[in-house]
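# A look at the structure
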Protein chains: 2
Amino acid sequence: MPGRRNVGSPWWHGRFRGGGYRLTVPRQAILNVLSRTSRHLSAEDIYLEVHKVHPHVGLTTVYRTLELLAEMGMIFKFDFGDGRARYELSEGPKSAHHHHLICTGCRRVIDYSGFMDEELEFLKRAEKGLAKKYDFEIKSHLIQFYGLCDKCRKKKAA
Amino acid sequence: MPGRRNVGSPWWHGRFRGGGYRLTVPRQAILNVLSRTSRHLSAEDIYLEVHKVHPHVGLTTVYRTLELLAEMGMIFKFDFGDGRARYELSEGPKSAHHHHLICTGCRRVIDYSGFMDEELEFLKRAEKGLAKKYDFEIKSHLIQFYGLCDKCRKKKAA
DNA sequence: TTGATAATGAAAATCGTTTTCAATAAGGAG
DNA sequence: CTCCTTATTGAAAACGATTTTCATTATCAA
Ligand SMILES: [Mn+2]
Ligand SMILES: [Mn+2]
Ligand SMILES: [Zn+2]
Ligand SMILES: [Zn+2]
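Note that this is a predicted model, so its numbers are computed, not measured. (Residues numbered from 1 in each chain as written. Chains lettered and ligands numbered in written order. Predicted model: local features only at pLDDT ≥ 70, side-chain atom pairs only at ≥ 80, totals over all residues. Heavy atoms only, no water.)

## Remarks on the interface of chain A and chain B
The line we're drawing: Residue contacts are defined here by distance: any two heavy atoms, one from each residue, within 4.5 Å place the two residues in contact. The term buried area denotes the loss of accessible surface (1.4 Å probe radius) that occurs when two parts are joined, taken as the sum for both partners. Salt bridges are defined as contacts in which a side-chain nitrogen from Lys or Arg sits within 4 Å of a carboxyl oxygen from Asp or Glu. Pairing of N or O atoms within 3.5 Å defines a polar contact, subject to two protein rules: one partner must be a possible hydrogen donor and the other a possible acceptor, and residues neighboring in sequence count only if both atoms are side-chain atoms. Note on conventions: DSSP H or I runs of at least 4 residues are helices, E runs of at least 2 residues are strands, and numbering of each starts at the N terminus.
Between chain A and chain B, the contact holds 38 residues from the first and 38 residues from the second. With both sides pooled, the region where chain A packs onto chain B buries about 3,500 Å², and carbon together with sulfur makes up 67% of that total. Contact with chain B buries surface across chain A, with Phe122(A), Phe136(A) and Phe145(A) losing the most and accounting together for 20% of the total. One can count six salt bridges joining chain A with chain B. For Glu118(A), the salt bridge goes to Arg125(B), with nearest N and O atoms at 3.9 Å. Summed over the shared surface of chain A and chain B, the result is 14 residue pairs in polar contact (both at pLDDT 80 or more). Looking at the side of chain A that touches chain B, the elements with two or more residues in it are strand 4 (99-103), strand 5 (109-112), helix 5 (116-134), strand 6 (137-148) and helix 6 (150-157) of chain A.

See the structure below:
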């Protein structure tokens, strides 16, 4: 039965071995949760989700794992202004480079991935200019738009 | 002695009267601190600075005032990733629209105000496209670049 | 199978920020 | 100017997300 051996061995296994890290049950569970959702989960959200399958996994471990994954560049950590950090997978089959629209009325967060060509153009120029002007090497960027979603705009009008 | 009357009556006085707010000693002191610096102060930074002149002003009042000023749009509140909010005046004689370069090596924050024409171009297109695609009305934006400053880059090379 | 040690979990600690509540003071009315 | 309403304040306590501590457990290379 060839091909059966690697079932349950997702794409991220190699990343851990490389860094000298151990691939533990909590870490796999957390990565599974993150890879299944397109939402922007908090540490507690993830803890609760993991808890359904692995009730013994603690919130502390969730925090530690998220910190590690962020260091490894496997997840992004965001501050959308509601007092808790939120996380999402940075790579993998599903996720693509995107930014966020944040509704200041209802706190809804919308993934936004259009106009990446314009953005790339802007970033390329900025990167070059900033490197020269401030002797600063850009590694990553954060772009967020704040405003009102359709529902909140209609609510306001009423 | 015409012209003497308004000494000590800065440009922001009118903003308070308009909103039905009282222009108190702590609020003026906080605005004075913010208007004198180009740094990105935390609530405690501001508290300590105000404390030199007005030792009776409490940290609680600083937090409350900062919240009010942010609501009024007179200051911006930032998260540069060091676990505390940082503030800067959003308008006034000195400040101009700008964004931030954040060194992930030493946490230094550099004000960046070049290439605003490119940015404006990008934002204009994004705004229009997002309004149509997501029915979302952009009110403001946050752009931050992360990377390594000159000193940290040299340190790393050594 | 075994040993070194990375990783874990429960509880306590941390720390920036918010809430509580009685006392104070800004500023309009008279 | 004086009085009065009430917005504002300050000290202390509460809050809540995140981090630290430390004894126990589990990973995985040998
Ligand atoms: Mn997203
Ligand atoms: Mn700035
Ligand atoms: Zn909304
Ligand atoms: Zn640096």
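## Quick word on the packing of aromatic side chains
What counts, and what does not: Two rings from Phe, Tyr or Trp (for Trp, the six-membered ring) form a pair when their centres are within 6.5 Å of each other. A pair whose planes differ by under 30 degrees is stacked, one over 60 is edge-to-face, and the rest are tilted. Partly exposed describes any residue whose relative accessible area lies between the buried limit of under 20% and the exposed limit of over 50%, with all areas from a 1.4 Å probe on protein chains only and scaled to the type maximum.
Scanning the model with the defined rule gives seven aromatic pairs over all chains in all. Aromatic side chains Phe78(A) and Phe80(A) sit 5.4 Å apart centroid to centroid with 10° between the ring planes, which places their arrangement in the stacked category. For the pair shown, Phe78(A) and Phe80(A) are each scored as buried. On the numbers, 5.1 Å between centres and 15° between planes, the contact of Phe122(A) with Phe122(B) is stacked. Remark: Phe122(B) occurs in helix 5 (residues 116-134) and Phe122(A) occurs in helix 5; the pair is interchain, linking two chains. Comparing Phe122(A) with Phe122(B), the two get one shared label, buried. A network of ring pairs unites the aromatic residues Phe76(A), Phe78(A) and Phe80(A) as a single cluster.

## Re the coordination of the zinc ion (ligand 3)
All names here are of chain A. Here is the rule: Water is absent from the atoms considered, so a metal site may look incomplete; donors are defined as N, O and S atoms within 2.8 Å of the metal, or 3.2 Å for Na, K and Ca. Think of it this way: with four donors and all angles in the 85 to 135 degree range, the site is tetrahedral; with four or six donors, opposite ones beyond 155 degrees and the rest between 65 and 115, it is square planar or octahedral; otherwise it is irregular.
Those donors, Cys103 (SG), Cys106 (SG), Cys149 (SG) and Cys152 (SG), are the protein atoms that reach the zinc ion (ligand 3), and they lie 2.1 to 2.4 Å from it. Metal-centred angles of 103 to 115° between the four donor atoms at the zinc ion (ligand 3) mark the site as tetrahedral. Classification of Cys103 as buried rests on a relative accessible area of 1%.

## With respect to the relation of the copies chain A and chain B
Defined as follows: To line up the copies, we fit them by least squares on C-alpha atoms, keeping just the residues with pLDDT of at least 70 in both.
The operation relating chain A to chain B is a screw motion whose rotation component is 180°, with 0.0 Å of axial translation and a residual RMSD of 0.0 Å. In the structure described here, the two chain copies are related by an operation that fits a two-fold rotation axis. Residue Ile143(A) of chain A places its C-alpha closer to the rotation axis than any other residue of that unit, at 2.4 Å. Counting the interface residues of chain A, we find that 100% of their copies in chain B are interface residues as well, pointing to one common contact surface.

## So, the protein's contact with DNA strand C
As a reminder of what qualifies: Put simply, a residue is near a molecule or strand once any heavy atom of it comes within 4 Å of that molecule or strand. Each residue receives one of three labels: charged for Asp, Glu, Lys and Arg, nonpolar for Ala, Val, Leu, Ile, Met, Phe, Trp, Tyr, Cys and Pro, and polar for the others, Gly being one of them.
The local shell around DNA strand C holds 20 residues, among which Thr24(A), Thr61(A), Arg64(A), Tyr63(B) and Arg84(B) are the closest. Near the protein, meaning within 4 Å, the atoms of DNA strand C are sugar or phosphate in a fraction of 62%, with bases accounting for the rest. Between DNA strand C and the protein, one listed contact pairs a phosphate oxygen with a side-chain N or O atom of Thr24(A) at 2.7 Å. At 3.5 Å from a base oxygen of DNA strand C is found a side-chain nitrogen or oxygen belonging to Arg64(B). Mapped onto the surface near DNA strand C, the elements with two or more residues apiece are helix 2 (25-36) and helix 4 (59-71) of chain A together with helix 4 (59-72) of chain B. Class assignment of the residues belonging to the surface near DNA strand C gives a composition of six nonpolar, seven polar and seven charged.

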